[in-house]
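Residue-level structural notes
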Amino acid sequence: ALWRDSAVGMGVEQVRERFPDAVVPDAPDVLYSGAKERLRIPELELAGHRFEASFFFLGGRLTQVMLGLLDAANGDVARQAFDAVAQTLRKEYGDELTTESTTGLVTKSRSTWRSGPTHIVLLHMVVGRADPLLNLVYQELPPDP
């Protein structure tokens, strides 16, 4: 399982069936891996904050789900959302496997969890005076060698 009722390897129509609120994005994102955003839920609530969910597919199969905070332009809201989502994830998956924080020109907080074959990353980042970024990523772990 990735996020909620989604699973690695699902096709676009399978995801659409599970998430009837999902729409085809007007300007889809493409990840470095080449995975393309084929579906998006424009708004959902998580830990008391508004997010959008993006479903990324590679070779026709779901490989990643990313939730992005909609109110990230407000730095205080983004930091509060990071803390609230981290607390929610701890309740569901236990303590973080890793946590890191840096400050300076780039301020970053990153925590990770694992659930079976799924790697979960919560990232809050601010670069200079740019708007903060808060993403929650569910991605397939590569198989062990």
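Conventions we followed
Residues numbered from 1 in each chain as written. Predicted model: local features only at pLDDT ≥ 70, side-chain atom pairs only at ≥ 80, totals over all residues. Heavy atoms only, no water. Helix = DSSP H or I, 4+ residues; strand = E, 2+ residues; numbered from the N terminus. Polar contact = N/O pair within 3.5 Å; in protein donor to acceptor, adjacent residues only side chain to side chain. Contact = heavy atoms within 4.5 Å. Core = buried A, V, L, I, M, F, W, Y, C linked by side-chain atoms within 4.5 Å. Buried < 20%, exposed > 50% of the residue type's maximum accessible area, 1.4 Å probe, protein only. Salt bridge = Lys/Arg side-chain N within 4 Å of Asp/Glu carboxyl O. Pairing = 2+ DSSP bridges. Axes fitted to C-alpha atoms, helices over the stretch in contact; angles between N-to-C directions.

Turning to the side chain of Glu-37, a few remarks are in order. Tracing the backbone shows Glu-37 in strand E1 (residues 36-46). Here the side chain of Glu-37 touches Arg-40 through a polar contact of 2.7 Å, side chain to side chain. Filtering out sequence-adjacent residues up to four positions away, Glu-37 remains in contact with Pro-25, Ala-27, Pro-28, Asp-29, Ser-54, Phe-55 and Phe-56.

Moving on, we come to the nonpolar core. Membership of the largest hydrophobic core comes to 32 residues, with the highest contact counts inside it found for Trp-3, Phe-55, Leu-67, Leu-122, Leu-136 and Tyr-138. In terms of residue count, helix H2 (residues 75-93) provides more of this core than any other element does, 6 residues in total. Setting aside anything within four residues of it in sequence, one finds Leu-67 in contact with Trp-3, Leu-44, Leu-46, Phe-51, Glu-52, Ala-53, Leu-134, Asn-135, Leu-136 and Tyr-138. If you look at the next biggest cluster of nonpolar residues, it comprises 5 residues, including Ala-35, Phe-56, Met-66 and Val-121.

The next thing to look at is the environment of Thr-107. Structurally, Thr-107 can be placed in strand E5 (residues 106-115). Given a relative accessible area of 29%, Thr-107 falls into the partly exposed group. For the pair formed by Thr-107 and Asp-71, sequence separation is 36 residues and the distance between their alpha carbons is 18 Å. Setting aside anything within four residues of it in sequence, one finds Thr-107 in contact with Thr-102, His-124, Met-125 and Val-126. Engagement of the side chain of Thr-107 in a polar contact is seen with the backbone oxygen of Gly-104, the distance being 3.4 Å.

A full pass over the atoms with the stated rule returns 9 salt bridges. One salt bridge connects Arg-90 with Glu-96, and the closest N-O pair in it is separated by 2.8 Å. Shared partners join several salt bridges into a network, and the residues in it are Glu-43, Arg-50 and Asp-71.

Turning our attention to the sheet that holds strand E4 (residues 98-102). With antiparallel pairing, the 7 strands of this open sheet are ordered in space as E1-E2-E3-E7-E6-E5-E4. Looking at strand neighbours, the two that pair on one side only are E1 and E4, the edges of this open sheet. Adjacent strand axes in the sheet meet at a mean angle of 15 degrees, parallel and antiparallel pairs treated alike. Pairing of strand E6 (residues 118-127) with strand E7 (residues 133-140), which is carried by 8 bridges, proceeds in the antiparallel orientation. Note that in E7 the partner of Thr-118 across the bridge is Glu-140. Contacts from H2 reach E1, strand E2 (49-58), strand E3 (61-69), E5, E6 and E7 within the one sheet, and its direction differs from that of E6 by about 165 degrees.

In this section: the pairing of E6. Of all 10 residues making up E6, 8 are buried, and the element is well covered by its neighbours. Hairpin geometry of E5 and E6 is characterised by an intervening segment of 2 residues between the two adjacent antiparallel strands and by a positive phi of about 60 degrees at Gly-116. Taking the residues between adjacent antiparallel strands as the criterion, E6 and E7 are bridged by 5 residues, where Gly-128 takes a positive phi near 55 degrees.

With respect to the helices and strands, the residue Ser-33 is situated in the loop between helix H1 (12-18) and E1. The spatial distance from the C-alpha of Ser-33 to the C-alpha of Leu-58 is 8.3 Å, given a sequence separation of 25 residues. Engagement of the side chain of Ser-33 in a polar contact is seen with the backbone nitrogen of Ala-35, the distance being 3.3 Å.

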